[in-house]
Each structure stands twice: as C-alpha cells, then as structure tokens.
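Notes for the structure review
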2 protein chains.
Amino acid sequence: MNTGQYIERSSAWMPSGPESGVAISSRVRLARNMADAAFPGWAGEEDRIRVWEQLRDLLPACPSIKNYQAAGMDELSGLDKQILFERHLISRELAERSRGSGVVIRDDEVVAVMINEEDHIRLQCIRPGLDIAAAWKEADALDSEIEGSVDFSFSPQLGYLTACPSNVGTGMRASVMLHVPGLVLTKEINAVVKGMAKIGLAVRGLWGEGSEAAGNMFQVSNQMTLGESEEDIVDQLEQIVQEIIEHERNARWRVLEADEHRIHDLAGRAYGILAHAHILTSKEALDLLSDLRLGVDMGIVDLRNECVINELLILSQPGHLQKQEGRKLKATERDIRRAELIRERIKASKNDLDGKEHE
Amino acid sequence: MNTGQYIERSSAWMPSGPESGVAISSRVRLARNMADAAFPGWAGEEDRIRVWEQLRDLLPACPSIKNYQAAGMDELSGLDKQILFERHLISRELAERSRGSGVVIRDDEVVAVMINEEDHIRLQCIRPGLDIAAAWKEADALDSEIEGSVDFSFSPQLGYLTACPSNVGTGMRASVMLHVPGLVLTKEINAVVKGMAKIGLAVRGLWGEGSEAAGNMFQVSNQMTLGESEEDIVDQLEQIVQEIIEHERNARWRVLEADEHRIHDLAGRAYGILAHAHILTSKEALDLLSDLRLGVDMGIVDLRNECVINELLILSQPGHLQKQEGRKLKATERDIRRAELIRERIKASKNDLDGKEHE
C-alpha cells in the first residue's frame, strides 16, 4: 500500500458539502460478521487469516469498490498505519492489530473497509458536509454487494450480530463531524452535549472515542442500533444535526452582534499567526484553524481555497508531516515543519501576490 | 498650542540614527535656575508667572529655537498634556502643574524647554540613535544663548544650583533609550542593569523614572552631575552604551544560533498579529513592536519604512489615539482603534500589494 499517494491529495470529505459551514463531514459505518467464523476476538490466527484473505479477494470484485488499495496490518509500517488513522480510514484498534487483520480502501477514500477489527467487517462511507443519507446509500449498496457473496451472522429477532452488544441490530453507527465555535464561545456547548446524551446520541472529539474535543470540533453519532431501521436513524440524526447547526449559526451571530471586534480579532489573529509563525504545536494549529474556519464561514477572512483548512487539519498531523519529510521527526522538528507547511498553504490560498509579503 | 500638528508627523528622533538597531534615541537634559528667583517649589504664583512669561518671551529670540510652539500648563487640556508627555516633550510632573508653568517646543521636536517644572528651566535635546554628543552640542548652544540674556544660579565651587541636590553641578542628565530584547531573552539583562548601577548609571523604563521596562526598552542615564565635565559624562556614557550595544548584538546572535526558529517565530508572529489583530492592548502592542523591531534589525522581516515602529510606539498611546479620533475613548475602544491604526501602518510599510491581502 502506498500511503504517500494519499497525502498528496485531498480526501473525499474535504471539499465543501451541504451545510459545510458547520458540518465538516458525515460518516456511516456498518459492522458485519461472517456466519461461518468466530468473531475476531475469539478466532484463532488461522481463522482470522482465512477471513481476511477471503474478504481482501472478494471486495475488489464489488462494483462499489473498483479502484482500491488493500493491505494487511502486518504489511504496514507504524507510520503508514498512523497516516491511515489520521485520515480516518482505520481505527486505532485496527492499527494495533497485525497478521490476519487488514483494510481495503477505495482510491477516493470515500469507502474504507476494515477487516478483523472488533468485527469481521467494518465498512465506512464518508461524505463532505451534512449528508448522512448519501453516506448511508453508498454503505448500503456495498453491504448488499458483499452480502451477495457471503453469509452474514444475522438473527431474525435482533438483526446483525456483532462482537459488542452495543452494535447488534443495524450494526450502524452514523456520525457527523461538527465545527461549533459559536456554541463554545457562548458556553452553550455543555448544555447541547447533555441534551444530545439524553436523546441517545454520543458526542466525541475529532479522532473518535476517547479523543479530546480539539479545535471546537465534535463528532455526534447515534448510540442505538437496535429496534430502529437504518433510515430512521439517519433521518433522526440529520434532523438533530440540523437543529444543532441552527443553534450554532445563531450563537455565532449573537457573538458577532455582541462584540464584532472580538470575532474579527479572533479570525484576524488566526490568519496572521498561521501565515507567519515558524513554530506551531498540533494543539495550537487545531485551535487557530478553528478560528480561521469561523472567520471564513462568517465572511470575515477571504480564502480562495476553503478546502485548505480541512487539508491542513490532516496534513499537519505527526504521521503526515513525517511521511512528507521522509523520516522520523522529533516533536520540536514537527512543530517547525508544521508551521512551514501551514504558512505555505495559507499564503497560497490567498491571492498569488501574497507570497511575496513576508520573508 | 496645536498638538494635532505633532501627531501628524514623525518626531526628530524617529528616523534611523547611529547604532539605531539597538539605540533608539539619545537625549541631553540641562537643569538651570534664575539667580533672581526662588526655585519653583518655593516661589509664589506671581514669581512663577513672572519667570514663565520672561522665559516664554526670551526663548523664541534664541537662534537655536526659531520655529516653535509655546503653551502655559493652564492653557492646555488634559489630552494635550498627555500627548506632549507621550512624545517625551514634557514630564509627568510638568503636566500636573498649571498657571506659571509651561513649555516651549521647537517645531522639529528636537528641542523642548520646560519652564517651572522642578527647576526654572529644563531644556532637552533629542537625537535619533546613539548620538549623545550631538544632543549635548545642541543643548549647550541653546544654554549659552539663554545665558546671554539671564543670570543663572551658579556657584564657582559646585556649578549650577538646582532644586534637587542630585542635579547640582552640570545640571545635566544624558540618556540613551535602548532596545535590548537579546539581553532579555538570554536573561543577561539583570546582570547588565546591576553592573550599570555599580558604575553610577541609572536604568529606567520607556517613560522615565518609575515607568516599567515595557517592550524590552530601557533608558540608561548618568546619575552623577557633580565633579565631572559635561564632555566627560557624554564620553563615558557613549562608551558604556557602545559596550551594551555590543553585548546586545552578541546576545541576539547567540539566541539566533541556538534556536533560529524561535527568533523567526517571534518576529513572524509579531508581524502576523500586528498586521491582522482587531484588538490590541497597549502592553501587547509594545511587546509585539519590540519583537517586530528585533526581526527587522536582524533582517528577518522586511519593512520598507523602518521608522514606522518608532511612530507606532507613540501613535498607539492613549492620548494620541484619542486626539486622532477627536474624542475621549474607553480602554476597550482604544484597543480597537490601536489595532486598526497598527494594521494600516504595518501593512502600508510593506509592499503596496499587501493592502489587499486581508479583509
């Protein structure tokens, strides 16, 4: 697998999509297991290798896959695994596995199928903006194609059976990555998070379960997989996210109205620092990219290429920086390389004359 | 007196001078008193008015003065006094006085004479960079011209007599304003300040006695006025300042060598924030202008008009901001106006295309 190919181009979710001023991306993930094999956690290595090889050979034949890369976890370096993780193509859990686990990724990165993570199959579709329905449609199509060739572990009463009971039923987790600086500035975010928990939604940080809510980004997903149809889950989540988006836009305009200069200052400083700093930690970069995104969304800062913020979110991660540099970097070296990358990209995304501005 | 005239142009000390990478300006101040009148602190109002009027009428006749503005402290608004103070043309002490005290300022602001501050006459000359000798020469010439018309209080044993014994003798205070971020970064500044105290020099902040050392700027001056000739004081101070400058340059290069990226980061962020922030406190502006000045001096940031940093040092002060705005401003309003002014000037001092960069 050539992960260098990925870092030279945008992921499918990076350009603008519906409501992308607040909703960065929508994702649907389906958990599936083969009827004739033990769950990965119970299976012996031989069984896992058999399942991995069977699916690795079967998936490319699905019309939904076509152009793809595949790799066993034992074939990937630590750095390659990190790049796939940073691009949201594999989970931390899969990255920790070795022989008998692997991933198949469609070249546009919209579709990725993890094999022998917690379940035999974890297939995901990602879409830019708020478009869970589209992600679900693609995931569903691929799911049906796979189901044409293998027997899934399925109970007429419960639905799809999974390694963890929390996924039994639809096996579906639908999620939207939201950028909500307005709710953070007005301190309404805690109430919103609590409200979502009450109606059965989970709220997580940028890199999924257990990750911090850096850069004012939160991932909202359904908790329930049992007793509801996929369409109902998608519809409900879309509706709730629409409400959060409304709430977020409202908060932004209230903040702007209450103190216009504060928002201009936030966005201006973010642009100024990102375009001119020579040392940037991962945390500071995330926070400044959030402020810049807010400024761009609100028409305060004019970026020719808005996609650059999503690109930098991923490209400025440690694995991506090291892949680009072609060697391992110490944290201080990464901070320098990160600042350099961001300076170049931010300036290039303004008008061309800007490159001459400084240094 | 039209203080609005001042804020529309640069002071005489603002352009580059000798060693101006470190030495911002040189100043000589002479304290003189009339033989036939009590010191201002002891004199009645009538006597003070007589002295003020006599000197106000006499000074313009001196060839060293010519084009000038004069004003009694009772004729000036609080804002006008603040502007003169911020431009280093009057002391805080004079600003607190009223009828019977005043100031005569040559139009280029090189020469300013305070009347009935602590002494009858406090005349000062300011020069850009390290050039105490030139400031002394001008002060000396004006002093002689005044002495041609009035009798100074003078003792053959002690020299010029002054209200405070610390000024008796030459009545001279020579000082240099230094920008020493290198010594601050290497933490050598404390040792340097102690060393200067040992050899009889005083170290103060940007706005003289009792003011804080903001923006890495320190004013170094002689303490001794007795038993030494003016030329000796000037020579000694110039020599010591030359040594400090050497020391500062050395510190800068060591810092750059030890961590090049840190200095580039400091200067880059300063430029980025100054050019893009929408709220700037006085303290933050001073600190960032210091970092920017360091970057310009070290060739890291390219400013077309280097004088702009000295201009902004003064123009961004509360009095100047309010004079430009034509009304009293709250602190929060000043922070907004300050950021606006600095943004405009910093951008204008880069190449012209830059103005289009942002917003």
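Values in this document were obtained by computation on a predicted structure and should not be read as measured data.

1. Thoughts on the pattern of salt bridges
Residues and elements named next belong to chain A. In the structure shown here, the tally under the stated rule is 48 salt bridges over all chains. One salt bridge connects Arg56 with Asp57, and the closest N-O pair in it is separated by 3.3 Å. Taking the relative accessible area as the measure of exposure, Asp57 reaches 51% and is therefore exposed. A salt bridge links Asp80 to Lys323, with the shortest nitrogen-to-oxygen separation between them at 3.1 Å. In this pair, Asp80 sits in helix H3 (residues 78-86) while Lys323 sits in helix H12 (residues 318-325), placing the two residues 243 residues apart along the sequence.

2. Thoughts on the domain arrangement of chain A
Residues and elements named next belong to chain A. Each assigned domain of chain A is listed with its residue range as follows: domain 1 (3-253) and domain 2 (260-357). Each of domain 1 and domain 2 was reduced to a C-alpha centroid, and the two centroids are 27 Å apart. Domain 1 puts 27 residues into the contact, and the matching count from domain 2 is 23 residues. Interface area, domain 1 with domain 2, both sides summed: about 2,300 Å², of which 67% is carbon and sulfur. On inspection of domain 1 and its partner domain 2, the count reaches twelve residue pairs in polar contact (both at pLDDT 80 or more). Contributing elements (two or more residues each) for the side of domain 1 that touches domain 2: helix H1 (4-7), H3, helix H6 (181-185) and helix H8 (230-258).

3. Some points on the pairing of strand E1 (residues 23-32) of chain A
Residues and elements named next belong to chain A. Among the ten residues that make up E1, nine are buried, leaving the element largely enclosed by the rest of the structure. Relative to strand E8 (residues 172-179), E1 is paired through seven bridges, and the arrangement is antiparallel. Residue pairing across strands places Arg29 opposite Arg173, the latter belonging to E8. Note that E1 and strand E5 (residues 121-128) share eight bridges and pair antiparallel. Residue pairing for E5: Ala31 is matched across the bridge by Arg122.

Analysis parameters
- Residues numbered from 1 in each chain as written.
- Chains lettered and ligands numbered in written order.
- Predicted model: local features only at pLDDT ≥ 70, side-chain atom pairs only at ≥ 80, totals over all residues.
- Heavy atoms only, no water.
- Salt bridge = Lys/Arg side-chain N within 4 Å of Asp/Glu carboxyl O.
- Buried < 20%, exposed > 50% of the residue type's maximum accessible area, 1.4 Å probe, protein only.
- Helix = DSSP H or I, 4+ residues; strand = E, 2+ residues; numbered from the N terminus.
- Domains from an automatic or database assignment.
- Contact = heavy atoms within 4.5 Å.
- Buried area = accessible area lost by both parts, 1.4 Å probe.
- Polar contact = N/O pair within 3.5 Å; in protein donor to acceptor, adjacent residues only side chain to side chain.
- Pairing = 2+ DSSP bridges.

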